[in-house]
Amino acid sequence: MTTYLLAGGGTAGHVNPLLAVADRLRERDPDASVLVLGTAEGLEARLVPARGYELLTIAKVPFPRRPNRAALAFPARFRASIEAVRGIIDERGVDVVVGFGGYVSTPAYLAARRTGIPVAIHEANARPGLANRLGARFAATVGVAFEGTPLRGARLVGMPLRHEIETLDPKALRGEAAATFDLDPSRPVLLATGGSLGARRINRTIADSAVAITGAGWQVLHVTGAKSEIVDPGIAGYRVVEYADRMDLALAVADAAVSRAGAATVSELAALGIPAVFVPYPVGNGEQRFNAAGVVAAGGAVLVDDAEFVPEWVSTEVLPLLADTGRLRTMAAAAASVGFRDGTDRMVALVDGALGEAAGNRPQGA
């Protein structure tokens, strides 16, 4: 029986691909032991047990960014985290660590290295985080979601997607999806979303442009997010929902999309061949622009700066795009050409390779 320790958490960008891989490992080998390493504070604390996996937690020990009291305490706390993971590896007989980035991945990688078991890494963003940059230096294998991700030994595998997304048949589900959101299945739909917490710029601009978009013959499915200030104005063909618990149905009914360029969103839209307007999050290290670069270069999406995404830009750029069915078809094909529906299987194959290589290097009789 193989025992896997999947490390990652904090955000949906780390947890969702981890769970996709965990599900595939358990699906193909019900006897395998699939453990998840995370923290008690991250999103994994809720999602992992809900999915039926055992969550093992260690302390969250962020790397210090300035000299202060926390920086002085960091070395001892970090060593303790590594030792905690080593204890898990020894006690549970872990055969391989599969890391997805985040606070817990670094001690997991170092503990695996010290105990001599292989490390397999998946990096979801085109601009990798610190944990995976470190782990890639000695990992047995590294899978990335986007071409050109600067990690040593990186192999393009795409994003491990939720089962309901990788198997989605939009044509078969369009009627159900339209009924779920009270939309007309015979009219095109623009999906607008800024993620689970929403995006103020996207929300405001789409709300202010709703009359113009619906007047052009399109419907709008606007997923505003939990912290939105948008109030449904009651415009025919403009559906406002705070959260879509069936995001697969939202994607099934979408003929085009306006969204942030988070790694998962870019990967899902490309995999499904949905033309997109990406409005990258303007704060941080600019990773969202890099996430969208491949599909934009292929012609499957348009990129616009957050500050420029205003109703006037919608009128001059988005409305002509929505009116050009030929261009939309071309964009859809271009997006699909750089998308992956089999990212989960590709990543699992890398994990298998890491295990096989470790077994081949093991001394006979060991």
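This text gives an overview of the structure that appears in the document. (Residues numbered from 1 in each chain as written. Predicted model: local features only at pLDDT ≥ 70, side-chain atom pairs only at ≥ 80, totals over all residues. Heavy atoms only, no water.)

Brief notes about the sheet that holds strand β7 (residues 154-156)
- Ordered by their spatial adjacency, 7 strands build an open sheet running β3-β2-β1-β4-β5-β6-β7, and the pairing between neighbours is parallel. Of all strands in the sheet, those with a lone pairing partner are β3 (54-57) and β7, marking the two edges. On average, each strand axis in the sheet is inclined to that of its neighbour by 25°, with strand direction left out of account.
- Relative to strand β2 (residues 33-38), strand β1 (residues 3-7) runs parallel, the two sharing 5 bridges. Bridging across to β2, Ala-7 finds its partner in Leu-37.
- Here helix α1 (residues 12-28) sits on the sheet in contact with β1 and β2, set at roughly 170° to β1.
- Across the sheet, helix α4 (residues 105-115) is in contact with β1, β2, β4 (96-99) and β5 (119-123); its angle to β4 comes to roughly 155°. (Pairing = 2+ DSSP bridges. Helix = DSSP H or I, 4+ residues; strand = E, 2+ residues; numbered from the N terminus. Axes fitted to C-alpha atoms, helices over the stretch in contact; angles between N-to-C directions. Contact = heavy atoms within 4.5 Å.)

Thoughts on the packing of helix α8 (residues 200-215) against helix α12 (residues 311-323)
- Running from amino to carboxyl end, α8 crosses α12 at an angle of 50°, the nearest separation of the two axes being 10 Å. By the angle class used here, α8 and α12 are oblique. Relative to α12, the crossing made by α8 is right-handed. Here α8 contributes Thr-205, Asp-208, Ser-209, Ala-212 and Ile-213 to the contact with α12, which in turn contributes Pro-311, Val-314, Leu-319 and Leu-322.
- Of the residues assigned to the contact of α8 with α12, the class counts are 6 nonpolar, 2 polar and 1 charged. (Parallel < 35°, antiparallel > 145°, perpendicular 65-115°, else oblique. Left-handed = near helix turned anticlockwise from the far one by under 90°. Nonpolar A, V, L, I, M, F, W, Y, C, P; charged D, E, K, R; others polar.)

Digging into the sheet that holds strand β9 (residues 219-223)
- With respect to topology, 6 strands assemble into an open sheet ordered β10-β9-β8-β11-β12-β13, the strand pairing being parallel. A strand with exactly one partner marks an edge of an open sheet, and here the two such strands are β10 (238-241) and β13 (301-303). Each adjacent strand pair in this sheet contributes to an overall mean axis angle of 15°, direction not counted.
- The pairing of strand β11 (residues 256-259) with strand β12 (residues 276-278) spans 3 bridges and is classified as parallel. Within β12, the residue paired with Ser-259 across the bridge is Phe-278.

What to know about the side chain of Thr-3
- Mapped onto the fold, Thr-3 is located in strand β1.
- With relative accessibility at 4%, the residue Thr-3 sits in the buried group.
- Not counting residues within four places of it along the chain, the set of residues in contact with Thr-3 comprises Ser-33, Leu-35, Arg-92, Gly-93, Val-94, Asp-95 and Val-96. (Buried < 20%, exposed > 50% of the residue type's maximum accessible area, 1.4 Å probe, protein only.)

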